[in-house]
Amino acid sequence: MIVQKYGGIAMQDTSNRQLVIERIQKAITAHKKVLVVVSAMGRRGQHYSTDTLLDLIPSSPHSVETDLLSACGELISASVLVAELKQNGVQSTILYGKNAGIITNEEFGNANIDNVDTTQILKTFEDYPCIVVPGFQGVTEGSNNFTTLGRGGSDLTAVVYGYYLKADVVEFYKNVPGVMSADPSTNSEVELISHMTYDELQLKINEPVEVIQKRAANFAALHGVPLHIRSLYEETNGTFVHL
């Protein structure tokens, strides 16, 4: 099985989500089972992005209510994607909250993961080849309150699942062909880096354009989780990250 992670741009409209569905269908054919992690749709100003949702309430320190509201963006994305997958004939379902298995401490806004319980995920894979989970979030052990994992936390969600589910690879779908030698928005003479080590990835995430969340990259390096960073829009090989 593999884990796939789709960000806000991939989820922001119907045409992009159709590309996501096609990627998922290919993954099911090749790997039999796929766990899909999704971010909230779009960016600030678009209806269901995390920043737009947070603009609904007065600015305040991270709390139960801010994390619950923040988590809604990914829940919306996961719900919409599963509905569209079913419409396209893909057997799929959504797991969230306690059923998704990510247990955290109560540091709202930047929670640490204390435990990952994959029991319900593995049980659900017996009936569905595709499970969609909202990224960026977990729940507390005692109260089952929603918590969030910090900016870019969906990347961490995907890598953590990749480790605990022993996935063949964790795929990150981007609007670029993979990890580039420089920022393609400011430099026309860039090249795709086809393979890189975790140490080389660590250097890239310190650059202005973050490839993946730093916590996610650190977790992948610590546990040897194989990563594949590739384009949503092009059939290119992308970048493989390994030891």
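**What about the sheet that holds strand β12 (residues 239–242)?**
Pairing is mixed across the open sheet formed by eight strands, whose spatial order is β3-β6-β2-β1-β9-β11-β12-β10. The sheet is open, and its two borders are formed by β3 (92–94) and β10 (195–197), each paired with just one other strand. Strand-to-strand twist across the sheet, computed as the mean angle between neighbouring axes with direction ignored, equals 20°. Across three bridges, the pairing between β10 and β12 is parallel. Note on β12: the bridge partner recorded for methionine 196 is valine 241. Against the sheet, helix α2 (residues 14–31) touches β1 (2–6), β2 (34–38), β6 (130–134), β9 (170–174) and β11 (227–231), its axis set at about 175° to β1.

**Brief notes about the packing of helix α6 (residues 153–164) against helix α8 (residues 214–223)**
Helix-helix packing is characterised by the crossing angle of the two axes and by the distance between the axes. Axis separation between α6 and α8 bottoms out at 8 Å; the angle between their running directions is 15°. One way to sum up the angle between α6 and α8 is to call them roughly parallel. Once α6 is placed against α8, the crossing between them reads as left-handed. Along its contact with α6, which presents Asp155, Leu156, Val159, Val160, Tyr163 and Tyr164, the element α8 presents Arg215, Ala216, Phe219, Ala220 and His223.

**Some remarks on the packing of α2 against helix α4 (residues 64–87)**
In the contact formed by α2 and α4, the axes pass within 10 Å of each other and the chain directions differ by 65°. For the element pair α2 and α4, the recorded crossing hand is right-handed. Together, Thr14, Arg17, Val20, Ile21 and Ile24 of α2 and Val80, Leu81, Glu84 and Leu85 of α4 make up the contact between the two elements.

**Focus on α6**
For α6, built from twelve residues, the straight-helix expectation of 16 Å at 1.5 Å per residue is met to within 8% by its first-to-last C-alpha distance of 17 Å. Counting buried positions along α6 gives ten out of twelve residues, so the element sits mostly inside the fold. Regarding α6, the residues found buried are Gly153, Ser154, Asp155, Leu156, Thr157, Ala158, Val159, Val160, Tyr161 and Gly162. One or two positions beyond α6, positive phi appears at lysine 166, with a value near 55°.

**Re the sheet that holds strand β5 (residues 113–116)**
Pairing is mixed across the open sheet formed by four strands, whose spatial order is β5-β4-β7-β8. Unpaired on one side and paired on the other, β5 and β8 (146–148) mark the two borders of the sheet. Taking each pair of neighbouring strands and ignoring which way they run, the sheet shows an average axis angle of 45°. For strand β7 (residues 137–140) and β8, the ladder comprises three bridges, and the chain directions are antiparallel. Bridging across to β8, valine 139 finds its partner in phenylalanine 146. Lying over the sheet, α4 contacts β7 and β8, oriented at roughly 80° with respect to β8. Most of the contacts of α6 go to β5, to which it runs at about 40°, and overall it touches β4 (102–104), β5 and β7.

**Some words on the environment of valine 170**
Locating valine 170 in the fold gives a position in strand β9. Residue valine 170 is classed as buried on the basis of its relative accessible area of 0%. When sequence neighbours within four positions are dropped, the list of residues in contact with valine 170 reads Val3, Ala158, Val159, Gly162, Val225, Pro226, Leu227 and His228.

Rules used throughout
- Along each chain, the written sequence defines residue order, and numbers are assigned to residues from 1.
- Since the coordinates come from a predicted model, pLDDT governs what is reported: local features require at least 70, and pairs of side-chain atoms require 80 or more to be given and counted, while whole-chain, interface and lining totals use all residues.
- Computation of side-chain values: all heavy atoms of the structure, hydrogens and water removed.
- A pair of strands is labelled paired if DSSP reports no fewer than 2 bridges between them.
- Here a strand is any run of E in DSSP of at least two residues, a helix any run of H or I of at least four, and the numbering for each starts at the N terminus.
- Axis lines are fitted to C-alpha atoms, over the contacting stretch for helices. Their N-to-C directions set the angle, which ranges from 0 to 180 degrees.
- Residues count as neighbours in contact if any of their non-hydrogen atoms are within 4.5 Å of one another.
- Reported orientations rely on four angle classes, namely roughly parallel under 35 degrees, roughly antiparallel over 145, roughly perpendicular from 65 to 115, and oblique for the rest.
- By the definition used in this description, the sense in which the near helix is turned from the far one sets the handedness, with an anticlockwise turn below a right angle giving left-handed and a clockwise turn giving right-handed.
- Each residue after the first adds 1.5 Å to the expected span of a helix.
- Type-normalised accessible area, obtained with a 1.4 Å probe on protein chains alone, sets the label of each residue: buried when under 20%, exposed when over 50%, and partly exposed for intermediate values.

Shape descriptors only; they carry no functional weight alone.
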